[in-house]
Amino acid sequence: MGRYEQVHAALTNWQAFESGAGVGLSNWRTEKPWRPPSVVAEADPPHHDSTRDAIMKILAPRALGKLAKDWVADADELVEDLLGRTTDFDLMKDLARVFPLRIFPDAIGLPQEGRENLLPYSEHAFNSFGPPNDLVTQAAPRMPEIAAWVAAQCRREVLTEDGFGAQLYAAADRGDITQDHAPLLIRSLITAGVDTTVIGLGALLTLFAQNPEQWAHMRQDPALMRTAFDEAVRLDSPVQMIFRTTTQDIEVEGTFIPEGSKVLLVLASANRDPRRWDEPDSFDLKRDPSGHVGFGMGIHQCVGQHIARLEASAVLTALAKRVETIEIAGPVERRLNNTLRGWESVPVRVRLA
Ligand code: HEM
């Protein structure tokens, strides 16, 4: 499904479109998952209820106040240091890939060692939602080792005492979730919270480089930062698509879909459906992008969206203070993934304010 109305309807009808048979192409009613399934993204009610509640409490806007302040200071330091060295740099390699990895693993409470495994792991998880093509098979031999590293980082004894990880174990101690769920929810944060934000931040900054009038507009009115990030997630849709499996025979717009079918929901297409959006292909801070499905919709809607917004606004605040214009300064390069759409490299030149 590619139209907004149908994609939205399927996302909000978990009874007919389940996640428990996997949210990728492969059907776990008949195929073996490459790792134990997620207890939140790949679970349906009632199993989904307690894990979702536990993670929501920890990642709710109210719970993130102190982190938000630290992240603004961190972004300021990163941008100050970068612009002190050069005004020619790569938006991906020097900013979008650096900032989330600088702050998010600390927020979970992960050990320092081995963090270079985080992006390859997350990248593989998103590749594995698609067909078993070269992107999947080439990374597969390294995955048992990387997955074992990830599992080891989700143990209570290696985590710091105050991060999201420790808070999930505290939720297990209170009986809100089971002891087995805590490490798997930490794994969910690692899987879903790293590459997505790298790509989302990269999309946002690149769209500003491609639309200088929108950058000027946002600098005049910083309240537009939040709109800007959601507009970037709508337009570039870092998570391009997600699957569901039908739990019953169902008819959609005159097409019969039998029970047990995999259905591909193309979030990216729904987010540019001209039936829903005026001028869908333009990056426009005057539009209201709310209602986009870039973070999903319904009971599985992204629990990390506040984190992603805070990261983006920290970086934008730091840049907007110092940078008058951003322009693309060389050939851009895409990074291919079966689910995610992002940039590998975006060379830019900035003029300081
Ligand atoms: C769910 C996108 C950042 C954790 C989702 C879904 C989408 C999405 C489309 C819905 C999947 C579905 O319906 O099956 C994004 C994008 C991000 C982002 C575009 C950044 C720009 C994050 C971050 C975290 C995170 C930073 C962790 C802190 C999760 C989790 C779920 C989820 C755990 C599953 C929720 C559930 O099934 O109830 N995300 N995400 N995401 N996201 Fe995000």
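Residues numbered from 1 in each chain as written. Predicted model: local features only at pLDDT ≥ 70, side-chain atom pairs only at ≥ 80, totals over all residues. Heavy atoms only, no water.

Engineer: Just give me the short version of the overall build of the protein chain, but keep the residues and values in it.
Structural biologist: Counting secondary structure elements, the protein chain contains 15 helices and ten strands. Here the C-alpha radius of gyration of the protein chain, 20 Å, is about what a compact globule of 353 residues would show, namely 20 Å. Overall, the protein chain is about 55 × 55 × 40 Å in size when its C-alpha atoms are taken along their principal axes. Residue pairs in contact within the protein chain that sit at least 24 positions apart in sequence constitute 72% of those at least 6 positions apart. Of the roughly 15,700 Å² of accessible surface on the protein chain, a fraction of 53% belongs to carbon and sulfur atoms. (Helix = DSSP H or I, 4+ residues; strand = E, 2+ residues; numbered from the N terminus. Rg over C-alpha atoms; globule rule 2.2 N^0.38 Å. Contact = heavy atoms within 4.5 Å. Areas by Shrake-Rupley, 256 points an atom, 1.4 Å probe, with all protein chains shown as cover.)

Engineer: Explain the site of the ligand residue by residue, including any values.
Structural biologist: Near the ligand there are 27 residues, and of these His48, Arg52, Arg244, His300 and Cys302 occur at the shortest range. Side-chain polar atom of arginine 52 to an oxygen atom of the ligand: 2.7 Å apart, as the coordinates give it. Arginine 244 places a polar side-chain atom, nitrogen or oxygen, 2.7 Å from an oxygen atom of the ligand. Among the cavities detected, the one that contains the ligand is the largest cavity. (Near = heavy atom within 4 Å. Polar contact = N/O pair within 3.5 Å; in protein donor to acceptor, adjacent residues only side chain to side chain. 1 Å grid on protein atoms, 1.4 Å probe; cavity = no way out; pocket = protein on both sides within 12 Å on 5 of 7 lines; lining within 4 Å. Sits in = over half its atoms within 2 Å of the grid points.)

Engineer: Let's hear about empty space enclosed by the protein: which residues, and what values?
Structural biologist: The final tally for this structure, using the stated rule, is one cavity of 30 Å³ or more. The volume enclosed by the largest cavity comes to roughly 930 Å³. As for the largest cavity, its lining consists of 45 residues, and the residues nearest its centre are Phe126, Ala192, His300, Cys302 and Val303. Among the secondary structure elements, those contributing two or more residues to the lining of the largest cavity are helix H2 (47-59), helix H10 (181-193), helix H11 (195-210), helix H13 (225-236), strand S3 (242-246) and helix H15 (305-322). It is H10 that provides the largest number of residues to the lining of the largest cavity, a total of six residues. Residue composition of the lining of the largest cavity, grouped by class: 25 nonpolar, 14 polar and six charged. (Points joined across faces, edges and corners; volume = space filled by probe spheres on them. Nonpolar A, V, L, I, M, F, W, Y, C, P; charged D, E, K, R; others polar.)

Engineer: Could you give an account of the environment of glycine 65, with specific residues and numbers?
Structural biologist: Along the polypeptide, glycine 65 turns up in helix H3 (residues 65-85). Taking relative accessible area as the criterion, glycine 65 reaches 39% and is therefore assigned partly exposed. Separated by 245 residues in sequence, glycine 65 and leucine 310 have C-alpha atoms that sit 9.8 Å apart. (Buried < 20%, exposed > 50% of the residue type's maximum accessible area, 1.4 Å probe, protein only.)

Engineer: Any details on the coordination of the iron atom of the ligand? Residues and values, ideally.
Structural biologist: Of all protein atoms, just one serves as a donor to the iron atom of the ligand, and that atom is Cys302 (SG), at 2.3 Å. Here cysteine 302 is to be found in the loop between helix H14 (267-270) and H15. (Donors = N, O, S within 2.8 Å, 3.2 Å for Na, K, Ca; no water.)

Engineer: Give a detailed account of the sheet that holds strand S7 (residues 323-328), specifying residues and quantitative values.
Structural biologist: Spatially, the three strands line up as an open sheet ordered S2-S10-S7, and their pairing is antiparallel. The sheet is open, and its two borders are formed by strand S2 (88-90) and S7, each paired with just one other strand. Averaged over all pairs of adjacent strands, the angle between their axes in this sheet comes to 35°, without regard to strand direction. Across three bridges, S2 lies against strand S10 (residues 347-352) in antiparallel orientation. Residue pairing for S10: aspartate 90 is matched across the bridge by proline 347. (Pairing = 2+ DSSP bridges. Axes fitted to C-alpha atoms, helices over the stretch in contact; angles between N-to-C directions.)

Engineer: So what about the layout of surface pockets? Which residues, and what values?
Structural biologist: There is about 330 Å³ of room inside the largest pocket. Around the largest pocket, the lining is made up of 17 residues, and of these Leu67, Asp106, Ala107, Asp162 and Gly163 lie nearest the centre. For the lining of the largest pocket, the secondary-structure elements that each account for two or more residues are H3, helix H5 (99-108) and helix H9 (164-174). Sort the elements by how many residues they give to the lining of the largest pocket and H3 lands first, with six residues. A per-class count over the lining of the largest pocket returns eight nonpolar, four polar and five charged. Along the wall of the second largest pocket there are 19 residues; nearest its centre are Ser26, Trp28, Trp34, Ser128 and Gly130. For the lining of the second largest pocket, the residue count by class is ten nonpolar, five polar and four charged.

Engineer: I'd love a proper account of helix H12 (residues 212-220), names of residues and values included.
Structural biologist: For H12, every residue scored as buried is listed here: Gln214, Trp215 and Met218. Relative to the axis of H12, the buried residues are bounded by an arc of 105° and lie together on one face. Close packing links the buried residues of H12 with H11, H13, H15 and S7. (Arc of directions from axis to C-beta.)

Engineer: Lay out the packing of aromatic side chains in plain terms, naming residues and giving numbers.
Structural biologist: If you walk through the whole model with that rule in mind, you get seven aromatic pairs. Pairing tryptophan 34 with tyrosine 121 gives two aromatic rings, centres 6.0 Å apart and planes at 50°, and the pair type is tilted. Placement of the pair is tryptophan 34 in the loop between strand S1 (17-18) and H2 and tyrosine 121 in helix H6 (residues 118-127), with a sequence separation of 87 residues. Classification of tryptophan 34 as partly exposed rests on a relative accessible area of 35%. In this structure tyrosine 121 comes out as buried when scored by relative accessible area, which is 2%. For the ring pair phenylalanine 104 and phenylalanine 164, a centre distance of 6.4 Å and an interplane angle of 50° mean the geometry is tilted. Residue phenylalanine 104 is located in helix H5, and its partner phenylalanine 164 is located in helix H9; the two are separated by 60 residues in the primary sequence. Pair check on accessibility: phenylalanine 104 and phenylalanine 164 agree, each one buried. Three or more aromatic residues link up through ring pairs in this structure, and these residues are Phe208, Trp215 and Phe283. (Phe/Tyr/Trp six-rings, centres within 6.5 Å; stacked < 30°, edge-to-face > 60°.)

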